[in-house]
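Structural description and commentary
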Amino acid sequence: MKFSIQLSADYPDKAYGGDRVYQDMLAQAGLADRLGFESVTITEHHLMNCLMMPAPLQFAVKIAAHTDQIKIITAITILPIRDMRVFAGEVVVADIFTEGRLLLGVGRGNFPYEMESLGIPMNETRERFDESLAVLRALLNEEEVSWDGKYYKFGPITVMPRPLNPGGPQMMMAAVNPDAIYHCARQGYHVQTTPLPGNEAYLRDQVAAFNRGKDELGESGETSLTLLRVGFMCHSEMEKRERMQMAHSFLGRFENVYGGPGFVDNGVVRALPRRQPIDQLAKSLLIGMKQEMIDKLSTYDELGVDRIILNVNFGCDPHETLDSIQYFAEEVMPHFATDDGSGIVAA
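The text that follows walks through the structure, step by step, so that each part is easy to find. This one's a predicted model, so the numbers in the text were calculated from it and none came from an experiment.

Regarding the overall build of the protein
Secondary structure summary: the protein contains 11 helices and 15 strands in total. Along the first, second and third principal axes, the C-alpha set of the protein runs to 65 × 55 × 40 Å. Scored against the burial criterion, the 347 residues of the protein give a buried share of 52%. A separation of at least 24 residues holds for 71% of the contacts in the protein among residues at least 6 apart in sequence. Accessible surface, the protein: about 15600 Å² in total, of which carbon and sulfur atoms supply 49%. Measuring between centres, the 32 positive side-chain charges of the protein sit 4 Å from its 47 negative side-chain charges.

What follows is the structure in structure tokens.
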């Protein structure tokens, strides 16, 4: 099982400064690279301080310049808000500048406040995403592409420069519904999900759907399942309780814009009260000490999850967050290390 750090750029206090937030994220990327994490992931969100990153490909290029080997995953870039004729070229250049370390995660956008503020009704996002993805794939695979659809109409064009590899970088789809996960895997896409309902039964349904799609894909393609979880390594029960409280507050902000009323004041997402008790929340998050973390991750490993993304950015002190990343790499990752046949053991 591989491990990734989500550079989610949480920004609860505007006085802290966006420059400092992104310097913190770069420090995390550099540390993750040195410690042997497989990847870092970049969110995309606009007009709000929650998961704040309006320029994911630019950030990917910046990270590549400050790291040596770590993969860089956009998780995810929002297709319906973009013109694919422009975006396709940006993807090719980002793939070149990251020296082939880019995994392009894409999705339709799931924050109504954000999408509707950008002029995209939520009830159109699925249809817009499907056509955008089809256009993007065509532009990355073919030359002199023409299109006559609902949202795109254009004559023959060729994106320049051409991709490093046919079709551009590998793609990952964000999906939560098991049926959507199945269809993504069956088409050969990498899949990122999260069991938002927070129960193991739903996660098992998601994994089963992925495996069904992967089996039907057969050996003709390559796909993997990535799971996103809020996570933090703690040194004591007292620290664990403090982190749980912080995560509870963070999720109150997240849920405000994810399916909630979307109360945003001057770019700051309000933290709304949550009905879920903290002790119940604790069961679904990867916040804890060494053995508890290993035990929870072992369940995911046994289910066949290929990659875990840890969202460690939910309001904690930046130095303590770096300490948590290092602690996790030194004390937990070795328990999930594998030999890939090259003689090199990696997590």
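What about the nonpolar core?
Phe37, Leu297, Ile308 and Phe328 are the most contacted members of the largest nonpolar core, which totals 99 residues. Of all the elements, helix 5 (residues 125-141) adds the most residues to this core, at seven residues.

Focus on the pairing of strand 1 (residues 2-7)
Where burial is concerned, most of strand 1 is hidden: five out of the six residues are buried. With five bridges connecting them, strand 1 and strand 13 (residues 307-311) associate as parallel partners. Bridge pairing in strand 13 places Phe3 opposite Ile308.

Some words on the environment of Val264
Among the secondary structure elements, Val264 is positioned in strand 10 (residues 264-265). Under the relative-accessibility criterion, Val264 is labelled buried at 15%. In sequence terms Val264 and Lys296 are 32 residues apart; their C-alpha atoms lie 34 Å from each other.

Topic: the packing of helix 10 (residues 290-303) against helix 11 (residues 318-331)
The interhelical angle for the contact between helix 10 and helix 11, taken along N-to-C directions, is 70°, at an axis separation of 11 Å. In terms of axis orientation, helix 10 runs roughly perpendicular to helix 11. Along this stretch, helix 10 crosses helix 11, giving a crossing that reads as right-handed. Between helix 10 and helix 11, the residues in contact are Lys290, Met293, Ile294 and Leu297 and Tyr327, Phe328 and Glu331, respectively. When its residues are assigned to classes, the contact of helix 10 with helix 11 shows five nonpolar, no polar and two charged.

Section: unusual backbone geometry
Cis geometry is adopted by the peptide bond preceding Ile76, which originates at Ala75 and carries an omega value of 5°. With respect to the helices and strands, the residue Ile76 is situated in strand 3 (residues 71-78). Looking along the chain, the bond that leaves Met160 and enters Pro161 is cis, with omega of -5°. Considering the arrangement of structural elements, one finds Pro161 in the loop between strand 6 (153-157) and strand 7 (171-174). If you check the backbone angles, Ala9 has positive phi at about 50° while not being a glycine. Positive phi, normally seen in glycine, also occurs at Leu47, with a value near 65°. The residue Leu47 is located in the loop between strand 2 (39-42) and helix 2 (56-66) in this model. Leu47 sits in the partly exposed class, given a relative accessible area of 44%.

Examining the pattern of salt bridges
Evaluation of the coordinates by the stated rule reveals 19 salt bridges. For the salt bridge of Glu44 with Arg82, the shortest nitrogen-to-oxygen distance reads 2.8 Å. Highlighted residues: Glu44 in the loop between strand 2 and helix 2 and Arg82 in the loop between strand 3 and helix 3 (84-97), separated in sequence by 38 residues. Using a relative accessible area of 2% as the deciding quantity, one classes Glu44 as buried. Classification of Arg82 by relative accessible area gives buried; the value is 19%.

Regarding helix 6 (residues 178-186)
Looking only at helix 6, the buried set comprises Pro178, Ile181, Tyr182, Cys184 and Ala185. Along the axis of helix 6, the buried positions cluster into a sector of 165°, meaning they face one direction only. Considering only its buried residues, helix 6 is in contact with strand 7, strand 8 (190-193) and helix 7 (200-217). Two or three places before Asp179, at the start of helix 6, stands the capping residue Asn177, its side-chain oxygen 2.8 Å from that residue's backbone nitrogen. Of the residues trailing helix 6, Gly188 is marked for its positive phi of about 90°.

Parameters at a glance
- Residues numbered from 1 in each chain as written.
- Predicted model: local features only at pLDDT ≥ 70, side-chain atom pairs only at ≥ 80, totals over all residues.
- Heavy atoms only, no water.
- Helix = DSSP H or I, 4+ residues; strand = E, 2+ residues; numbered from the N terminus.
- Buried < 20%, exposed > 50% of the residue type's maximum accessible area, 1.4 Å probe, protein only.
- Contact = heavy atoms within 4.5 Å.
- Areas by Shrake-Rupley, 256 points an atom, 1.4 Å probe, with all protein chains shown as cover.
- Lys, Arg positive; Asp, Glu negative; His and termini not counted.
- Charge placed at Lys NZ, Arg CZ, Asp CG, Glu CD.
- Core = buried A, V, L, I, M, F, W, Y, C linked by side-chain atoms within 4.5 Å.
- Pairing = 2+ DSSP bridges.
- Axes fitted to C-alpha atoms, helices over the stretch in contact; angles between N-to-C directions.
- Parallel < 35°, antiparallel > 145°, perpendicular 65-115°, else oblique.
- Left-handed = near helix turned anticlockwise from the far one by under 90°.
- Nonpolar A, V, L, I, M, F, W, Y, C, P; charged D, E, K, R; others polar.
- Salt bridge = Lys/Arg side-chain N within 4 Å of Asp/Glu carboxyl O.
- Arc of directions from axis to C-beta.
- Polar contact = N/O pair within 3.5 Å; in protein donor to acceptor, adjacent residues only side chain to side chain.

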